[in-house]
Amino acid sequence: MSPQAASDFANAWIRAWNARDLPSILAGYADDCVLHTPLAQWLAPSTQGVLLGKPAMAAYWGKALQRPGKWQFALTHVHTGVNSMGLAYEGPLGPVTEFCFFNNQHLVCLAHVLYAP
């Protein structure tokens, strides 16, 4: 993944989250994406922190976007890898790092979210 492609994805992703625009957030993900996130255990305990597919991600993120309060994400770093990238940002719960792995259609097919203790 080129640094420019990673930067473009990260900036669009941050803008979509800050606008609370679920369709734009989901646009970068494959239909069969797998998302690992510890916060899913809180919002959807039955998932055990693993969301399988875009519909599950939409339901989970839809709940998150409905939470009250003014919150914004601020991108701090973008790292690139082979068909992958890492996004580091500040969110309402503090520092977060997300690792995203892309398929041949340049959509996220696997993501892991890590929160600072």
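Structure shown above.
The following paragraphs examine the structure supplied in this document. (Residues numbered from 1 in each chain as written. Predicted model: local features only at pLDDT ≥ 70, side-chain atom pairs only at ≥ 80, totals over all residues. Heavy atoms only, no water.)

Moving on, we get to the overall build of the chain. If you tally the helices and strands in the chain, you get 4 helices and 6 strands. Reading the secondary structure of the chain in the N-to-C direction produces α-α-β-α-β-α-β-β-β-β. For the C-alpha atoms alone, the extent of the chain along its principal axes is close to 35 × 30 × 30 Å. For the chain, buried positions account for 38% of its 117 residues. Considering only intrachain contacts with a sequence separation of at least 6, the fraction spanning at least 24 residues in the chain is 44%. (Helix = DSSP H or I, 4+ residues; strand = E, 2+ residues; numbered from the N terminus. Buried < 20%, exposed > 50% of the residue type's maximum accessible area, 1.4 Å probe, protein only. Contact = heavy atoms within 4.5 Å.)

Evaluation of the coordinates by the stated rule reveals 1 salt bridge. Here aspartate 31 makes a salt bridge to lysine 54, at a shortest N to O gap of 3.6 Å. Residue aspartate 31 is located in strand β1 (residues 29–36), and its partner lysine 54 is located in helix α4 (residues 54–66); the two are separated by 23 residues in the primary sequence. The class of aspartate 31 is exposed, set by a relative accessible area of 60%. (Salt bridge = Lys/Arg side-chain N within 4 Å of Asp/Glu carboxyl O.)

All right, on to the pairing of strand β5 (residues 94–102) then. Summarising the sheet, strand β4 (residues 84–91) and β5 pair through 8 bridges and their orientation is antiparallel. Residue pairing for β5: alanine 88 is matched across the bridge by threonine 97. Between β4 and β5, which pair antiparallel one after the other, the connecting turn spans 2 residues. As defined by bridge partners, β5 adjoins strand β6 (residues 108–115) across 7 bridges and the pair is classed as antiparallel. Paired with glutamate 98 across the strands is valine 113, a residue of β6. Between the antiparallel neighbours β5 and β6 lie 5 residues, among them histidine 106 with a positive phi of about 65°. (Pairing = 2+ DSSP bridges.)

Let us look at helix α1 (residues 3–18). The terminal C-alpha atoms of α1 lie 22 Å apart, and with 16 residues this matches the ideal 22 Å at 1.5 Å per residue to within 8%. Those residues of α1 that sit buried are Ala6, Phe9, Ala10, Trp13, Ile14, Ala16 and Trp17. Along the axis of α1, the buried residues cluster in a sector spanning 160°; they form a single face. Facing away from the buried side of α1 by over 90 degrees, the exposed positions are Gln4 and Arg15. (Expected span 1.5 Å × (residues − 1). Arc of directions from axis to C-beta.)

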